[in-house]
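Breakdown of the fold
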Amino acid sequence: RAWPLAAAILLICVTQARASEDPTPTVGSITRNNGLTTNGVLIVHSPSIFRVVPSNPTPANPRLAIEQYDRLLELSPDPDIRAEALRRSADLRVQLNDSEAGANDAELRKAIDNYKILLADFPVYERNDRVLYQLTRAYQLSGDANRAIDSLRMLVQKYPTSARTDDAAFRAAEWLYAGGRYSEAEPLYRVVINLETGTTLSEAAQYKYGWSLFKQAKYEQVLPVFFAMLDRYLPPGELTDPVGALAS
């Protein structure tokens, strides 16, 4: 009886040894063989048999993008797509003119036309404040300062809560002030000062607002403006020693 039992044990051991030498592949064994890790869950990172090699990034080609937008507009797409195509093609034209030496008058005219079509055909387009801001840049690059100022004024008037309102009002006021048009610059500086949200331009706007009043000989109106600025800069308390106060 002992001999059959020993033979059976020997047979089992030989079978297990052969199985360990050439095991049937499983998901787990294949995973381990490819350098992956398991923790009760199959985790695939990047097996050596499927090595991923990223391709080189495709360089941006604004001119090709402009051509595609123009071709898209020729297909008379639905209104939303048409509005986006008009804006993006115009933006790219302005961007190219802004980055290249020498203005391309034909491209700038096309950009301006697209912006104007967009404003006329889509008066409630959600990005029209940006359109007006970019239209200003197109006019500036083409050397038309008056129309650039008009675009900024329209932005300020139609979109008083826009994030671009303070910059638009200040830029328009600066252009007008530089051209000696002080009475037109005055209300635009005041717009920046009165913005409820506050702006980093408010202090500069207050200073130039005072000077626009001064240039118009509005001396009684300018005194409170400059006194308010002095109150911010001078030390608190009575000015019993003006020389010392100014020095500090």
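In this text, all values refer to a predicted model and were calculated from it rather than measured experimentally. (Residues numbered from 1 in each chain as written. Predicted model: local features only at pLDDT ≥ 70, side-chain atom pairs only at ≥ 80, totals over all residues. Heavy atoms only, no water.)

Section: the overall build of the protein
The following threshold applies: Here a strand is any run of E in DSSP of at least two residues, a helix any run of H or I of at least four, and the numbering for each starts at the N terminus. In this scheme, a residue with accessible area under 20% of its type's maximum is buried, one over 50% is exposed, and one in between is partly exposed, where area comes from a 1.4 Å probe on protein chains only. By definition in these notes, contact holds between two residues if any of their heavy atoms fall within 4.5 Å.
Along its length, the protein carries 12 helices and zero strands. Along the protein, helices (α) and strands (β) appear in the sequence α-α-α-α-α-α-α-α-α-α-α-α when read from the amino end. Scored against the burial criterion, the 248 residues of the protein give a buried share of 29%. For the protein, long-range pairs separated by at least 24 residues make up 43% of all intrachain contacts whose partners lie at least 6 apart in sequence.

Looking at the packing of helix α5 (residues 105-121) against helix α6 (residues 128-141)
Operational definition: For helices, the fitted line uses only the C-alpha atoms of the stretch in contact; every axis is such a line through C-alpha atoms, and the angle between N-to-C directions lies from 0 to 180 degrees. Each angle gets one of four labels, with under 35 degrees taken as roughly parallel, over 145 as roughly antiparallel, 65 to 115 as roughly perpendicular, and the rest as oblique. Whether a crossing is left-handed or right-handed is set by the direction in which the near helix is turned from the far one by less than a right angle, anticlockwise for left-handed and clockwise for right-handed. Residues are grouped as follows: nonpolar covers Ala, Val, Leu, Ile, Met, Phe, Trp, Tyr, Cys and Pro; charged covers Asp, Glu, Lys and Arg; every other residue, Gly included, is treated as polar.
At a minimum axis separation of 10 Å, α5 and α6 run at an interaxial angle of 155°. In terms of orientation, α5 and α6 fall into the roughly antiparallel class. Relative to α6, α5 is oriented so that their crossing is left-handed. In contact with Leu108, Ile112, Tyr115, Lys116, Leu118 and Leu119 of α5, α6 contributes Asn128, Val131, Leu132, Gln134, Leu135, Ala138, Tyr139 and Leu141. Class assignment for the residues of the contact of α5 with α6 results in 11 nonpolar, two polar and one charged.

Side note on the environment of Pro77
With respect to the helices and strands, Pro77 occurs in the loop between α3 (62-74) and α4 (79-99). Dropping the residues within four chain positions of it, Pro77 is found in contact with Leu72 and Arg82.

Notes on the packing of α6 against helix α7 (residues 145-158)
At a closest axis distance of 8 Å, the pairing of α6 and α7 adopts a crossing angle of 170°. Between α6 and α7, the angle falls in the class roughly antiparallel. Crossing geometry of α6 relative to α7 is assigned as left-handed. Across the interface between the two elements, Asp129, Leu132, Tyr133, Leu135, Thr136, Tyr139 and Gln140 from α6 touch Arg147, Ala148, Ser151, Leu152, Met154 and Leu155 from α7. Taken together, the residues that form the contact of α6 with α7 break down as eight nonpolar, three polar and two charged.

What about helix α9 (residues 182-194)?
Spelled out, the test is: To estimate how far a helix should reach, multiply one less than its number of residues by 1.5 Å.
The end-to-end C-alpha distance of α9 is 18 Å, a good match for the 18 Å that 13 residues give at a rise of 1.5 Å each. Among all positions in α9, only Ala185, Glu186, Leu188, Tyr189 and Val192 are buried. Elements that come into contact with the buried residues of α9 comprise α7, α8 (165-178) and α10 (202-215).

A look at the environment of Lys110
Tracing the sequence through the fold places Lys110 in helix α5. Residues Lys110 and Ala138, spaced 28 residues apart in sequence, show a C-alpha to C-alpha distance of 9.9 Å.

Examining the pattern of salt bridges
For the record, the criterion: Think of a salt bridge as a Lys or Arg side-chain nitrogen and an Asp or Glu carboxyl oxygen that are within 4 Å of each other.
Counted by the stated rule, this structure contains 18 salt bridges. With a closest N to O distance of 3.2 Å, Arg82 and Asp121 form a salt bridge. Taken together, the positions of Arg82 in helix α4 and Asp121 in helix α5 put the pair 39 residues apart, joining distant regions of the chain. Take Asp121: its relative accessible area is 42%, and that puts it in the partly exposed class. A salt bridge links Arg88 to Glu84, with the shortest nitrogen-to-oxygen separation between them at 3.2 Å. Pair noted here: Arg88 and Glu84 are both in helix α4, with a separation of four residues, about one helical turn. Classification of Arg88 as partly exposed rests on a relative accessible area of 38%.

Quick word on the nonpolar core
When a protein is soluble and globular, its nonpolar side chains tend to lie buried together. Condition: For the purposes of this section, nonpolar cores are sets of buried Ala, Val, Leu, Ile, Met, Phe, Trp, Tyr and Cys residues that join through side-chain atoms within 4.5 Å.
Within the largest apolar cluster, 22 residues are counted, with the highest numbers of intra-cluster contacts made by Ala185, Leu188 and Tyr189. For this core, the secondary structure elements donating two or more residues are α7, α8, α9, α10 and α11 (219-233). When residues of this core are assigned to their parent elements, the largest contribution, seven residues, is made by α8. Apart from the residues within four sequence positions on either side, Leu188 is in contact with Arg153, Ala169, Ala172, Ala173 and Leu176.

Some remarks on the packing of aromatic side chains
As a reminder of what qualifies: By convention, a stacked pair of Phe, Tyr or Trp rings (six-membered ring in the case of Trp) has centres within 6.5 Å and planes under 30 degrees apart, an edge-to-face pair has planes over 60 apart, and any other such pair is tilted.
For the coordinates displayed, the defined rule picks out seven aromatic pairs. Residues Tyr207 and Phe226 carry aromatic rings whose centres are separated by 6.4 Å and whose planes lie at 55° to one another, so their mutual orientation is tilted. Placement of Tyr207 in helix α10 and of Phe226 in helix α11 is noted, with a sequence separation of 19 residues between them. Overall, the relative accessible area of 41% leaves Tyr207 in the partly exposed class. On the basis of relative accessibility, which here comes to 23%, the residue Phe226 falls in the partly exposed class.

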